[in-house]
Amino acid sequence: MEAAKKEKISVDDEAVDKNIFKNCSNIAFYRRQKKQLSKKSTCRAVLDSVTTGKDSTSFQIINKATKIPLLAEVYGLEGNIFRLKINEESPLKPRYEVRDVLTSKLSTVRLISCSGDKGSLVLADGKGDLKFHVTADPFKVDLVSEEDIVMSVNSLGQLYFEHLQISPKQRATKENEDDASVDTSQENQNDMGLWEEKFGKFVDIKANGPASIGLDFSLHGFEHLYGIPQHAESHQLKNTGDGDAYRLYNLDVYGYKIHDKMGIYGSVPYLLAHKLGRTLGIFWLNASETLVEVNTEPTVEYTLTQMGSVAAKQKVRSRADVHWMSESGIIDVFLLMGPTPSDVFRQYSHLTGTQAMPPLFSLGYHQCRWNYEDEQDVKAVDAGFDEHDIPYDVMWLDIEHTEGKRYFTWDKKRFPNPKRMQELLRSKTRKLVVISDPHVKVDPDYSVYAKAKEQGFFVRNREGRDLEGVCWPGLCSYLDFTNPKVREWYSGLFAFPVYQGSTDILFIWNDMNEPSVFRGPELTMQKNAIHHGNWEHRELHNIYGFYQQMATAEGLIRRSKGKERPFVLTRSFFAGSQKYGAVWTGDNRSDWSYLKISIPMLLTLSVTGISFCGADVGGFIGNPEAELLVRWYQAGAYQPFFRGHATMKTKRREPWLFGEEHTRLIRDAIRERYALLPYWYSLFYRAHKTAEPIMRPLWVEFPNELETFGIEDEYMLGSALLVHPVTEPKAAVVDVFLPGSDEVWYDSKTFAHWEGACTVKIPVALDTIPVFQRGGSVVAVKTTVGKSTGWMTESPYGLRVALSSQGSAVGELYLDDGHSFQYCHQNQFLNRKFLFCSGVLINSCADERGRYPSKCVVEQILVLGLRKQPSSVTTHSSDGKDQLVAFTYSATTSTLSLEKLSLDIGADWEVRIK
């Protein structure tokens, strides 16, 4: 490793041959489970061992071959959730259980034992409409809702549990020990990777031996499954063949392959199933390497007999089978019983938390590249946005801003006066984001390294010394974020006196936190590295980045003495990462196919709790042609996290470098984003409060329309806007599916309208972003756009009222100071409801607890779908005053336009149309 200090580390260390990543056939626990399960050994539940505690019911499960008992615990949780835990009854040592992901407020519901027959146990929630039905032999669980079996557990007999054992070396020293239970022959060891597993030049020596687990779930009547990010794959999960499982293992995969089930930067072991009338969720709480096999069987009708002219038919219901396998830990699975999509989102948020409420600036546009060279470069780029009248909020600095890749420092030549640079940005109400990775340069003169080493804060190797690996700075050690003391210390590094040159407009980006270890196995940390509590890295690999983002967010909150909301972007993530900030799709390429795949990737993140997500606009790797760049800005403007980013050695691609026409198109797309910020911010508040995703697949909003279940090239933003980004070069027309037979849809630019439940051909020029407002909605916008979100605080509002086929509409607006926690600590917010009914638009209070002074007014109202010209329009204020209003009406588009109004956004008023 000494040589690494002298070698130049470059992007080539990341851009490696994809053969260095495993496929299923290279994964020993996968091979072991497939081999063992082919032998069809079964388990039985010992129902005379049932004990009922305050919170749970437990019983033994015995594998008929090994005779070793497992302990199963069943919990009922508030809100239609069952929890099933299976562990060894008497493990050799404790097995790893994931901490810090579940919210502390899990409330159990006492499950009542109903009379089952002799070979079964039936547990019901208090209401009795959900039952957990255990069959003893062979062991199986059926989840029953109103007498209908909706899910079965272990119906395929794939429960698998490798018990912890004494190592062969220790066993050899014991006399008269019966070794028959485990085959430790060299041939078996080499093939099955029990105590040692080889991959390429790497050998993984396993102190605890084989410890993998597995279980199957059958979902009755389901064909459509979603979730388990992160993969560069379709939104709907595909069937997996032999050796083709979805892999959840956080890896740094530069320019990842698309339409591939290999694991990339993050893992959320949570899957949703949807059918007409029911949505379910399965949350497999395990942070070790995990593989998921999926097999869906569609509904089939068989003709049984022919009797005269009548053919008797038997219908076999569709079924989806999901098989989870993890390298270690315990089985700890939450079964979310729905029944609606919004119920499942709420249930999952009860377990892992909701999306953090972001500061408003973070919903604006972010400008990034690896790297902006120096303070002068930053100043020039910042000025370029103003010169070309393009709004933006945040300038980003990658690793080159530091002194030799030492995080929390500044390169003294390039960035000699970082505070002055931040004051320039502050003067335009803009912000700065800098990078902070988890690796720390091995350098005794670097205070972060010296202090961490002195306190034993680094991950250790199996010999007990600080683990050293190679990353951007050269030789590095890796902070052990699983240790609460390390997280507390790391949080303290963001304090202004400690982080010299930082100010309160500086926010953080956590990258390379899978963790990325160049020249390590699969470019990551050895699985037998040792963490706090003497846990091996294999137990918790997928949660490492989660812990860094948690510590970073806490650090930003602490530096403001708990007053200001943090903004932290992370590349690696786990279930619950939504509580700490934003996520993006990593090192994508400047190619149309990556623009296209970004939509299903973001939809999958969104339905698994992570609403604040985005993809690098333009593609991180490569040089996009002007058309692709424009189309990517148009797509990104309608996705939650909106950042342009590019790797080093690519051509500069600031929005004004592609000719005047393309500059105008990019400006227009970004300005559309800024005009819609009131709607975006209101959606984030809903996500924060009620766990509703912001970017929604159509099936979420239209759960009873089969045609929507597989659509992934368009999506809903909240419940009001349907977006269909153009993702093909030289497109002249796009086919847009407009759902809902009783819906009306309005083109957001031309106001043309269509009835739902049909596909329409929409002509597109390069300036067209196909966006449709749903009839029955009210969307709040800003009527003027400023240089950044900070310039727009007091700018007026407009309301776009799109009438349903019944002539009504509803919408809401959420408003607060945009940066502090006062909205939750002091109820300093406004939540307004807009209702249009019988020709009257009413602005009323949606939440009486909120109080927030706003000088903003509604100056413009546009009503779409008004069939006939009104004779008069009057405003009616809460003090009883009526005022006539001038209006314009277009008969060709059926739109009514009211301008130059001055209606207080925070007051009750009505607009009456006669």
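These numbers come from a predicted model, not from an experiment.

Student: Honestly, the overall build of the chain in this entry has me stumped. Any pointers?
Tutor: When its secondary structure is counted, the chain shows 17 helices and 56 strands. Its C-alpha radius of gyration of 29 Å places the chain within 12% of the 29 Å reference for a compact globule of 914 residues. Here the chain holds 914 residues, and the buried ones make up 62% of them. For the chain, the share of sequence-separated contacts (at least 6 apart) that also reach a separation of at least 24 residues comes to 71%. A total of about 34,900 Å² of accessible surface is found on the chain, and carbon and sulfur atoms cover 50% of it. In the chain, 107 positive and 116 negative side-chain charges are present, and the distance between their average locations comes to 2 Å.

Student: Looking at this structure, I do not really get the packing of aromatic side chains. What am I missing?
Tutor: Both the distance between ring centres and the angle between the ring planes are used here to describe each pair of aromatic rings. The final tally for this structure, using the stated rule, is 49 aromatic pairs. When the centroid spacing of 6.2 Å and the interplanar angle of 55° are considered together, the rings of Phe59 and Phe139 count as tilted. With Phe59 in strand S2 (residues 56–63) and Phe139 in the loop between strand S8 (130–135) and strand S9 (140–145), this pair connects stretches of sequence that are 80 residues apart. Their ring planes at 80° and their centres at 5.7 Å tell us that Phe408 and Tyr490 sit as a pair that is edge-to-face. One end of the pair, Phe408, is in the loop between strand S25 (394–397) and helix H7 (418–426); the other, Tyr490, is in helix H9 (residues 484–492), and 82 residues separate them in sequence. Comparing Phe408 with Tyr490 shows no difference in burial state: the two are buried. An aromatic cluster is built from Phe361, Trp396, Phe507, Trp509, Phe567, Trp584, Phe612, Phe641 and Phe684, whose rings are joined through pairwise contacts.

Student: Explain the packing of helix H6 (residues 375–387) against H7 here, please?
Tutor: A pair of packed helices is characterised by two quantities: the angle between their axes and the separation of those axes. Following both chains from N to C, one finds H6 and H7 inclined at 5°, their axes separated by 11 Å at the closest point. Relative to H7, H6 is oriented roughly parallel. Counted together, Glu375, Val378, Lys379 and Asp382 of H6 and Pro418, Arg420, Met421, Leu424 and Leu425 of H7 form the full contact between these two elements. Taken together, the residues that form the contact of H6 with H7 break down as 5 nonpolar, no polar and 4 charged.

Student: Any chance you could explain the nonpolar core here in plain terms?
Tutor: Side chains of nonpolar character tend, in soluble globular proteins, to be buried together. Counting residues in hydrophobic clusters, the biggest one holds 173 residues, and the most contacted among them are Leu479 and Phe567. In terms of residue count, helix H12 (residues 592–607) provides more of this core than any other element does, 10 residues in total. Cys43, Phe132, Leu271 and Val333 belong to the second largest nonpolar core, which has 50 residues in total.

Student: Please clarify how the pairing of strand S47 (residues 809–815) should be interpreted in this entry.
Tutor: Two faces, one strand: in a regular strand the side chains alternate between the faces of the sheet. With respect to burial, S47 is a largely interior element, 5 of its 7 residues being buried. In this structure, S47 lies alongside strand S48 (residues 830–837), joined through 7 bridges in antiparallel fashion. Paired with Glu812 across the two strands is Lys833, which belongs to S48.

Student: What's the story with the state of the cysteines in this structure? I'm lost.
Tutor: For the coordinates displayed, the defined rule picks out 0 disulfides. Residue Cys476 stays outside any disulfide, its sulfur separated by 5.8 Å from that of Cys471, the closest cysteine.

Student: Sorry, what's going on with the environment of Lys206 here?
Tutor: The topology assignment puts Lys206 in the loop between strand S13 (202–205) and strand S14 (213–220). Put simply, Lys206 and Asp100 are 106 residues apart on the chain and 26 Å apart in space, counted from C-alpha to C-alpha. Residue contacts for Lys206: discarding those within four places in its chain leaves Ala28, Arg32, Gly193, Leu194, Trp195, Glu197, Glu327 and Arg538.

Student: What am I meant to see in the sheet that holds strand S39 (residues 721–723) here?
Tutor: Pairing between sheet strands relies on hydrogen bonds along the backbone, with the strands arranged either parallel or antiparallel. Pairing in this open sheet of 6 strands is antiparallel, and the strands run S37-S38-S39-S44-S41-S42 from one edge to the other. With partners counted over all chains shown, the strands left at the sheet margins are strand S37 (695–696) and strand S42 (753–755), one partner each. As judged from the 3 bridges shared by S39 and strand S44 (residues 771–774), these two strands associate in the antiparallel manner. Bridge pairing in S44 places Leu721 opposite Gln773.

Student: Explain the side chain of Glu705 to me, please; I cannot follow it from the model alone.
Tutor: With respect to the helices, strands and loops of the structure, Glu705 is situated in the loop between helix H16 (698–701) and strand S38 (715–717). In this structure Glu705 is buried but unpaired, with Arg774 as the nearest side chain of opposite charge at 7.4 Å. Those residues in contact with Glu705 that sit more than four places away from it in its chain are Leu276, Pro739, Gly740 and Ser741.

Student: I tried to follow the packing of H9 against helix H11 (residues 544–559) on my own but got confused; where do I start?
Tutor: Put simply, H9 and H11 touch, their axes get as near as 8 Å, and they point 45° apart. One finds that H9 runs oblique with respect to H11. Between H9 and H11 lies a crossing of right-handed hand. Residue-level inspection shows Arg487, Glu488, Tyr490, Ser491 and Gly492 of H9 in contact with H11, the latter providing Tyr547, Gln548, Met550, Ala551, Thr552, Glu554, Gly555 and Arg558. Along the lines of polarity and charge, the residues of the contact of H9 with H11 split into 4 nonpolar, 5 polar and 4 charged.

Student: What is the right way to read the sheet that holds strand S29 (residues 474–478) from this model?
Tutor: One open sheet accounts for 3 strands, arranged S27-S29-S28; its pairing is antiparallel. If you trace the sheet from one side to the other, it starts and ends with strand S27 (439–441) and strand S28 (469–471), each paired once. Neighbouring strand axes in the sheet, compared pairwise and without regard to direction, differ in orientation by 60° on average. Where S27 lies against S29, 3 bridges are found, and the strand directions are antiparallel. Opposite Lys441, over in S29, you have Cys476 as the bridge partner.

Calculation notes
Residues numbered from 1 in each chain as written. Predicted model: local features only at pLDDT ≥ 70, side-chain atom pairs only at ≥ 80, totals over all residues. Heavy atoms only, no water. Helix = DSSP H or I, 4+ residues; strand = E, 2+ residues; numbered from the N terminus. Rg over C-alpha atoms; globule rule 2.2 N^0.38 Å. Buried < 20%, exposed > 50% of the residue type's maximum accessible area, 1.4 Å probe, protein only. Contact = heavy atoms within 4.5 Å. Areas by Shrake-Rupley, 256 points an atom, 1.4 Å probe, with all protein chains shown as cover. Lys, Arg positive; Asp, Glu negative; His and termini not counted. Charge placed at Lys NZ, Arg CZ, Asp CG, Glu CD. Phe/Tyr/Trp six-rings, centres within 6.5 Å; stacked < 30°, edge-to-face > 60°. Axes fitted to C-alpha atoms, helices over the stretch in contact; angles between N-to-C directions. Parallel < 35°, antiparallel > 145°, perpendicular 65-115°, else oblique. Nonpolar A, V, L, I, M, F, W, Y, C, P; charged D, E, K, R; others polar. Core = buried A, V, L, I, M, F, W, Y, C linked by side-chain atoms within 4.5 Å. Pairing = 2+ DSSP bridges. Disulfide = S-S within 2.5 Å. Salt bridge = Lys/Arg side-chain N within 4 Å of Asp/Glu carboxyl O. Left-handed = near helix turned anticlockwise from the far one by under 90°.

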